[in-house]
Amino acid sequence: MKNNVEKNIQYTFPNINPKNLESVVPGRVYYFEKTKSTNTEAKLKDNVPDKSLFIAEEQESGRGRLGREWKSPAKTGIWMSIYLKPQIPQDSISQLTLLAGLAVSRVIPDSLIKWPNDVILSGKKVCGILTEMIVKNSIPDRVICGIGINVNTDSFPEDLAEKATSIYLHTKKFADRNNIIKAVLSEFFSIYDAFIKNGFDTIRKEYTEKCITIGREVSIICGSEKKTAKAIDITEKGELLIETENGTEIVNSGEVSVRGVLGYC
Ligand code: BTN
């Protein structure tokens, strides 16, 4: 696509074309011009086929991890949720979030992953993932894997600018979201099928190589508790192996926030 900014041409972002996504989505595609949150839409809907997609041009109340807000203005980003009914033990569900991070990272050139699931470009976050599980009669019924990618955002508010970026800000080129959505979904479903068959081991090596967190001094924040450690590896279950002054420990992605001691990553 041409660099329209340099040429000072007003660029109109193409809409998402839901019909065009049907070839890469095994289930159904639910498309919204505007919704509160695609994760919330997917969570509230019953009788949805496995591997369906909820996608919106704009989210009015986009949600991030740990109860944070996720800014989702119209047409500049990809705000989508994948609806899954995986037959796997409950303690493996958090691994799905790592799969989604890897799928996005395969599609965005130069990107890396900050464990567990932030996709990073030049040290700033370009994509976040929010995985939520619905439990029915004490059994996991469905998992909603929400993916937010900043694509054509040309600036962020001051409080975000230090740690957030977009594909546009990195490449100086606007991108057609339709191509990125299709590529991410096709990577995701191929990784997911392999994961369901053979477990996390199928992507552990690739994930670990892309994981910017490994080898770094990090702060692990869980509620009001904070500890500093060195991240040393990703376990066979997708957890973070850290070295603290008391020896090695395993951190599960659940409710923790990981920050680099020297900055966001
Ligand atoms: C994070 O990094 O905190 C996770 C951000 C997840 C944002 C996506 S956008 C699509 C889906 N719907 C939401 O409300 N949140 C997720």
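In case you missed it, the structure is sitting above this.
Cut-offs and rules
- Residues numbered from 1 in each chain as written.
- Predicted model: local features only at pLDDT ≥ 70, side-chain atom pairs only at ≥ 80, totals over all residues.
- Heavy atoms only, no water.
- Axes fitted to C-alpha atoms, helices over the stretch in contact; angles between N-to-C directions.
- Helix = DSSP H or I, 4+ residues; strand = E, 2+ residues; numbered from the N terminus.
- Parallel < 35°, antiparallel > 145°, perpendicular 65-115°, else oblique.
- Left-handed = near helix turned anticlockwise from the far one by under 90°.
- Contact = heavy atoms within 4.5 Å.
- Nonpolar A, V, L, I, M, F, W, Y, C, P; charged D, E, K, R; others polar.
- Near = heavy atom within 4 Å.
- Polar contact = N/O pair within 3.5 Å; in protein donor to acceptor, adjacent residues only side chain to side chain.
- Areas by Shrake-Rupley, 256 points an atom, 1.4 Å probe, with all protein chains shown as cover.
- Pairing = 2+ DSSP bridges.
- Buried < 20%, exposed > 50% of the residue type's maximum accessible area, 1.4 Å probe, protein only.

**Student:** Any chance you could break down the packing of helix H3 (residues 95-107) against helix H6 (residues 177-198) for me, citing the residues and the numbers?
**Tutor:** Each packed pair of helices is defined by two parameters, the angle between the axes and the distance between the axes. Where H3 meets H6, the closest approach of the two axes is 8 Å, and the angle between their N-to-C directions is 135°. Taken together, the axes of H3 and H6 lie oblique to each other. Viewed along their axes, H3 and H6 form a crossing whose handedness is right-handed. Residues Gln95, Leu96, Leu99, Ala100, Leu102, Ala103, Val104, Arg106 and Val107 of H3 pack against Ile180, Ala183, Val184, Glu187, Phe188, Ile191, Tyr192 and Phe195 of H6. Looking at side-chain class alone, the contact of H3 with H6 contains 14 nonpolar, one polar and two charged residues.

**Student:** Just give me the short version of the site of the ligand, but keep the residues and values in it.
**Tutor:** Surrounding the ligand, one finds 20 residues, the nearest of these being Ser37, Gln59, Arg63, Arg65 and Lys125. Between the ligand and Ser37 there is a distance of 2.8 Å, counted from an oxygen atom to a side-chain nitrogen or oxygen. Isolated, the ligand exposes 420 Å² of accessible area, and the fraction of that covered by the protein chains is 98%. Elements supplying a minimum of two residues to the shell around the ligand: helix H2 (38-44), strand E3 (77-84), strand E6 (124-136) and strand E7 (139-150). The element that contributes the greatest number of residues to the shell around the ligand is E6, accounting for four residues.

**Student:** Before we move on, can you summarise the sheet that holds strand E11 (residues 247-251) with the specific residues and values?
**Tutor:** Taken in spatial order, the five strands of this open sheet run E11-E10-E9-E8-E12, and their pairing is antiparallel. Each having just a single partner strand, E11 and strand E12 (257-260) make up the two edges of the open sheet. On average, each strand axis in the sheet is inclined to that of its neighbour by 45°, with strand direction left out of account.

**Student:** Break down the packing of H6 against helix H7 (residues 201-210) for me, with residues and values.
**Tutor:** Where H6 meets H7, the axes come as close as 8 Å, and the angle between the chain directions of the two elements is 125°. By the angle class used here, H6 and H7 are oblique. Residue-level contacts link Ile191, Ala194, Phe195 and Asn198 of H6 to Asp201, Thr202 and Ile203 of H7. Of the residues in the contact of H6 with H7, the class split is four nonpolar, two polar and one charged.

**Student:** Let's hear about the sheet that holds strand E5 (residues 118-121): which residues, and what values?
**Tutor:** Taking strand neighbours across the sheet as the criterion, the seven strands line up as E1-E2-E3-E7-E6-E5-E4 in an open arrangement whose pairing is mixed. Strands with a single pairing partner mark the edges of an open sheet, and in this sheet they are strand E1 (29-35) and strand E4 (112-114). Adjacent strand axes in the sheet meet at a mean angle of 20°, parallel and antiparallel pairs treated alike. Note that E5 and E6 share three bridges and pair antiparallel. Of the residues in E6, the one forming a bridge with Val119 is Cys127. Against the sheet, H6 engages strand E2 (52-59), E3 and E7, with an angle of about 25° to E3.

**Student:** Which residues make up the environment of Asp91, and what values do they have?
**Tutor:** By secondary structure assignment, the location of Asp91 is in the loop between E3 and H3. A relative accessible area of 56% means that Asp91 is categorised as exposed. As a C-alpha pair, Asp91 and Asn252 span 161 residues in sequence and 9.9 Å in three-dimensional space.

Bear in mind that shape data such as this cannot, by itself, settle questions of function.
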